Amino acid sequence: MNEESSISPDQQLELIARMLEESRKTFLSTGFSSMVWGGFVSVGTALSYAFESWQWYTAIGLLWALLMLSAFLIVLRHSKHAQHKHLKTTSLHKISNEMWTFVVGVTVLYGIAGYFCPQNISLSYVLCVVSLLVGTAYWINSSMTHYLLLRIVSALWIICSIVVLLVQAFWSPAVVGICAFLCDFIPGIYLYARERKESV
């Protein structure tokens, strides 16, 4: 004899509604980090070209180290502040944070390897790997939250990973910088504004 489900239809609908709301909040909560990372990468790209024109080659590496560290600390501080304010974070939000931390870590490792072994690891290859990682992270996020926008952003980053290998090496950073501005910074502003509006 089959046991009847302990969850009533009304409870199942309530559970589904809670999961959808959790997904929506997770989606909105990515706005701040997307805005910061997209903005910092865009600014870093523009400054890198400026530094190169002024022949400040050593300063480019220091610039990116400072920008990446600053962005990481700003996002980390905001995340901790959000946790303290709301007392808890959703499980999807925790998974998302872990995933992006992994992407940043791998990016830093590839950047260090490319800096010390430029003859073995080209900048275009590093940017291709980074773009693929970002695209993959967005794809996983879209699977968790069921938002079409994230899937579109994921596809654009994957296209970016191909384009950086097709253009001249000099223009590869520009491709990534433009993609970061269009796919992270601008959507990040919109999502962060919505999150702030709903939290009032």
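To be clear, the structure that these remarks concern was listed above.
Quick summary incoming for the structure in this document. Please read all numbers here as calculations on a predicted model, not as lab measurements.

Basis of the calculations
Residues numbered from 1 in each chain as written. Predicted model: local features only at pLDDT ≥ 70, side-chain atom pairs only at ≥ 80, totals over all residues. Heavy atoms only, no water. Core = buried A, V, L, I, M, F, W, Y, C linked by side-chain atoms within 4.5 Å. Buried < 20%, exposed > 50% of the residue type's maximum accessible area, 1.4 Å probe, protein only. Helix = DSSP H or I, 4+ residues; strand = E, 2+ residues; numbered from the N terminus. Contact = heavy atoms within 4.5 Å. Patch = residues over 30% accessible without salt bridge, like charges linked within 9 Å, V, L, I, M, F, W, Y side chains within 5 Å. Areas by Shrake-Rupley, 256 points an atom, 1.4 Å probe, with all protein chains shown as cover. Salt bridge = Lys/Arg side-chain N within 4 Å of Asp/Glu carboxyl O. Polar contact = N/O pair within 3.5 Å; in protein donor to acceptor, adjacent residues only side chain to side chain. Phe/Tyr/Trp six-rings, centres within 6.5 Å; stacked < 30°, edge-to-face > 60°. Lys NZ or Arg CZ within 6 Å of the ring centre and 35° of its normal.

### So, the nonpolar core
Right, on to step 1. The biggest cluster of nonpolar side chains holds 32 residues, and the ones touching the most others in it are W37, V134, Y138, W157, C160, V164 and V176.
Right, on to step 2. When contributions to this core are tallied by element, the ones reaching two or more residues are helix 1 (9–53), helix 2 (57–86), helix 3 (91–116), helix 4 (123–145), helix 5 (148–166) and helix 6 (172–199).
Right, on to step 3. Of the residues forming this core, the biggest block, 7 residues, is contributed by helix 4.
Right, on to step 4. Discounting residues that sit within four places of it in the chain, V164 has contacts with S124, L127, C128, S172, V175 and V176.

### Quick look at a nonpolar patch on the surface
Right, on to step 1. Together, L69, F72, L73 and L76 make up an exposed nonpolar region whose accessible area comes to about 330 Å².
Right, on to step 2. Relative to the helices and strands, L73 resides in helix 2.

### Concerning the side chain of S142
Right, on to step 1. Positionally, S142 belongs in helix 4.
Right, on to step 2. Polar contacts involving the side chain of S142 include one to the side chain of R151, which spans 3.0 Å.
Right, on to step 3. S142 has contacts with Y147, L150 and R151, leaving out every residue within four places of it along the chain.

### What to know about the packing of aromatic side chains
Right, on to step 1. If you walk through the whole model with that rule in mind, you get 8 aromatic pairs.
Right, on to step 2. Residues F51 and W54 carry aromatic rings whose centres are separated by 6.1 Å and whose planes lie at 35 degrees to one another, so their mutual orientation is tilted.
Right, on to step 3. Through a chain of ring-to-ring contacts, three or more aromatic side chains come together here, namely Y49, F170 and W171.
Right, on to step 4. R151 extends its terminal NZ or CZ atom over the ring of W139, reaching a point 4.0 Å from the ring centre.

Function cannot be read off these values alone, since they describe shape.
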